[in-house]
Amino acid sequence: MKKELSLKYGIITAIIGLAMMLLGVYRGETIDVMAKAVKVCLECIGIG
Amino acid sequence: MDNKNKKRKSQEAPRHLFQFIWAVITNSFVAGFLQGKIYTGKLKNLCVPGLNCYSCPGALGSCPIGSLQSMLGSRNYKFTFYVSGFLIFVGAIFGRFVCGWLCPFGLVQDILHKIPFPKKIKTFKADKLLRKLKYLILAVFVILLPMVIVDVTGQGDPWFCKYICPAGMLQGGLPLTVLNEGLRSAIGFLYTWKFLILAVTVLLSIVIYRPFCKYICPLGAIYSFFNKISVFRLRYDEEKCVDCGKCSRVCKMNVNPTKAPDSGECIRCGLCEKNCPTGALHCNWKR
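Owing to the predicted nature of the structure, the values given are computational and were not obtained by experimental measurement.

*Asks:* Would you explain the overall build of chain B in this entry?
*Replies:* If you tally the helices and strands in chain B, you get 16 helices and 2 strands. Here the C-alpha atoms of chain B give a radius of gyration of 19 Å, agreeing with the 19 Å that 2.2 N^0.38 yields for 287 residues. Here the C-alpha coordinates of chain B stretch approximately 60 × 40 × 35 Å along the principal axes. Expressed as a percentage of its 287 residues, the buried residues of chain B come to 55%. If you take every contact in chain B between residues at least 6 apart in sequence, the share linking residues at least 24 apart comes to 74%. Surface exposure of chain B reaches about 13200 Å², of which carbon and sulfur atoms provide 69%. Put simply, chain B has 38 plus and 14 minus side-chain charges, and the middle of one group is 3 Å from the middle of the other.

Right, here's the structure in full:
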């Protein structure tokens, strides 16, 4: 019984995560993610 | 002892092959390596699950930890539903399976640990305490500092990426500075500092199994929260177990699967399952 409940927690949490992702896409957050990712991250590569 | 090591190496071969194929697929922008540039296409909207610097010339996706910091330090957002949701979704499905199978930097450490060394260290006195360090790094360098320390425009730095992450140095810093003269001319103290961190990580990985994953990685810290509830998990059948202790002895993350099959330190490599004589352990999606 305890393990069954745990599996439900995982599935519910995954659904919450998915919903948050969709909300983030709706808010336009992927534009900011993309804007950072398509430029060389000078901090990441040790240039500053 | 030699036959045991050979057997374990062959048991790990399928996982390493999977890790390698995944690393190649997610870093397959070959033009980046040839021309010293990075991929700028639409796939960079998507995060990859493991620690994969988006400044790697071959990287097709975004690093989730890098993206998290850039969003937390952003002028426009102080909380990111997209990146947080991604981490929650991946964590809830896979837990630290990502660490064991989908992280290129994990693969690098796995390979380095196979280099022969007279005295490999399985554990030491400070090991348990040092495992907490990754949670401190997550809280301070990934979340707090990017949000709080901002410039005049309201933008924060990615503190973990800038001052700690050796994956960024290996995957991005080294190839880009080799291939790109402009970047090479801008090398300074920070580059030296990060190169030193990478060198220490590489050397430690030969002696200790996955030191970065155990003690430093904030992404592993995040996924560890989900190990107890993840859909894919290690399952332990107490009735089949004969308490031989083999699973605990083969575990390179120093987990005892019979006591804590859902331990936050378990990277779901499956080595315990393969060595269990009675089939009491299974890594899978359901019982």
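Moving on from the model shown.
*Asks:* I tried to follow the overall build of chain A on my own but got confused; where do I start?
*Replies:* Looking only at helices and strands, chain A features 2 helices and 0 strands. In chain A, which comprises 48 residues, the share counted as buried stands at 44%. Just so you have it, chain A exposes about 2900 Å², and 73% of that area is on carbon and sulfur atoms.

*Asks:* Can you walk me through the pattern of salt bridges in this structure?
*Replies:* Pairing is possible between side chains of opposite charge, provided their charged atoms come close. All names here are of chain B. Taken as a whole and judged by the stated rule, the model has 13 salt bridges over all chains. Put simply, Glu12 and Lys252 hold a salt bridge, and the shortest N to O gap is 2.7 Å. Taken as a pair, Glu12 in helix H1 (residues 2–26) and Lys252 in the loop between helix H15 (246–250) and helix H16 (271–275) lie far apart in primary sequence, 240 residues in all. Residue class for Lys252 comes out partly exposed when judged on its relative accessible area of 23%. For the salt bridge of Lys134 with Glu265, the shortest nitrogen-to-oxygen distance reads 2.8 Å. Here Lys134 is found in helix H8 (residues 133–148), whereas its partner Glu265 is found in the loop between H15 and H16, with 131 residues between them in sequence. Taking the relative accessible area as the measure of exposure, Lys134 reaches 0% and is therefore buried.

*Asks:* What am I meant to see in the side chain of Asp127 of chain B here?
*Replies:* Residue and element names in this part refer to chain B. If you trace the backbone, Asp127 turns up in helix H7 (residues 127–130). Taking the relative accessible area as the measure of exposure, Asp127 reaches 5% and is therefore buried. With sequence-adjacent residues up to four places away left out, Asp127 is seen in contact with Lys214, Tyr215 and Asn254.

*Asks:* I tried to follow the side chain of Glu12 of chain B on my own but got confused; where do I start?
*Replies:* The class of Glu12 of chain B is buried, set by a relative accessible area of 4%. Not counting residues up to four positions away in its chain, the partners in contact with Glu12 of chain B are Lys114, Lys252 and Leu271 of chain B.

*Asks:* Explain the interface of chain B and chain A to me, please; I cannot follow it from the model alone.
*Replies:* How large an interface is tends to be reported as the accessible area lost when its parts come together. Contact with chain B, which involves 54 residues of that partner, is made by 35 residues of chain A. Among the residues chain B hides against chain A, the three largest losses belong to Tyr77, Phe81 and Tyr82 of chain B. Together they make up 19% of the total. Where chain B touches chain A, the interface holds 0 salt bridges. Linking chain B to chain A there are 10 residue pairs in polar contact (both at pLDDT 80 or more). Those elements that provide at least two residues to the side of chain B that touches chain A are helix H3 (64–72), helix H4 (81–94), helix H9 (159–163), helix H10 (166–179), helix H12 (189–207) and strand S1 (233–236) of chain B. Take the side of chain B that touches chain A: its biggest share by element is 10 residues, from H4 of chain B. Of the residues that constitute the side of chain B that touches chain A, the class distribution is 29 nonpolar, 16 polar and 9 charged.

*Asks:* Explanation requested: the packing of helix H2 (residues 29–37) of chain A against H3 of chain B in the structure shown.
*Replies:* Geometry of a packed helix pair, given as the angle between the helix axes and the separation of the axes. Where H2 of chain A contacts H3 of chain B, the axes come no closer than 10 Å and their chain directions differ by 115°. On the basis of the axis angle, H2 of chain A is roughly perpendicular to H3 of chain B. Along this stretch, H2 of chain A crosses H3 of chain B, giving a crossing that reads as right-handed. Here Glu29, Asp32, Val33 and Lys36 of chain A of H2 of chain A lie close against H3 of chain B, whose contacting residues are Ser67, Ser70 and Met71 of chain B. Here the residues of the contact of H2 of chain A with H3 of chain B are counted per class, giving 2 nonpolar, 2 polar and 3 charged.

*Asks:* Could you clarify how one ought to interpret a nonpolar patch on the surface in this entry?
*Replies:* All names here are of chain B. A cluster of nonpolar side chains, contributed by Leu17, Phe20, Ile21, Val24 and Ile25, occupies part of the molecular surface with about 480 Å² of accessible area. As for its position among the elements, Ile25 is in helix H1. Among the residues examined, Ile25 registers a relative accessible area of 49% and is labelled partly exposed.

*Asks:* Even after reading the chapter, I still don't get H4 of chain B, so can you show me in this structure?
*Replies:* Note that an α-helix has 3.6 residues per turn; residues three or four places apart therefore point the same way. Residues and elements named next belong to chain B. Counted at 1.5 Å a residue, the expected span for H4 with its 14 residues is 20 Å, and the 19 Å between its end C-alpha atoms agrees. Across the 14 residues of H4, 11 count as buried, placing the element largely inside the fold. All of the buried residues along H4 are Tyr82, Val83, Ser84, Gly85, Phe86, Leu87, Ile88, Val90, Gly91, Ala92 and Ile93. With a side-chain oxygen lying 3.4 Å from the backbone nitrogen of Tyr82, the N-terminal cap of H4 falls on Thr80. Gly95 sits one or two residues past H4 and shows a positive phi near 60°.

What counts and what doesn't
Residues numbered from 1 in each chain as written. Chains lettered and ligands numbered in written order. Predicted model: local features only at pLDDT ≥ 70, side-chain atom pairs only at ≥ 80, totals over all residues. Heavy atoms only, no water. Helix = DSSP H or I, 4+ residues; strand = E, 2+ residues; numbered from the N terminus. Rg over C-alpha atoms; globule rule 2.2 N^0.38 Å. Buried < 20%, exposed > 50% of the residue type's maximum accessible area, 1.4 Å probe, protein only. Contact = heavy atoms within 4.5 Å. Areas by Shrake-Rupley, 256 points an atom, 1.4 Å probe, with all protein chains shown as cover. Lys, Arg positive; Asp, Glu negative; His and termini not counted. Charge placed at Lys NZ, Arg CZ, Asp CG, Glu CD. Salt bridge = Lys/Arg side-chain N within 4 Å of Asp/Glu carboxyl O. Buried area = accessible area lost by both parts, 1.4 Å probe. Polar contact = N/O pair within 3.5 Å; in protein donor to acceptor, adjacent residues only side chain to side chain. Nonpolar A, V, L, I, M, F, W, Y, C, P; charged D, E, K, R; others polar. Axes fitted to C-alpha atoms, helices over the stretch in contact; angles between N-to-C directions. Parallel < 35°, antiparallel > 145°, perpendicular 65-115°, else oblique. Left-handed = near helix turned anticlockwise from the far one by under 90°. Patch = residues over 30% accessible without salt bridge, like charges linked within 9 Å, V, L, I, M, F, W, Y side chains within 5 Å. Expected span 1.5 Å × (residues − 1).

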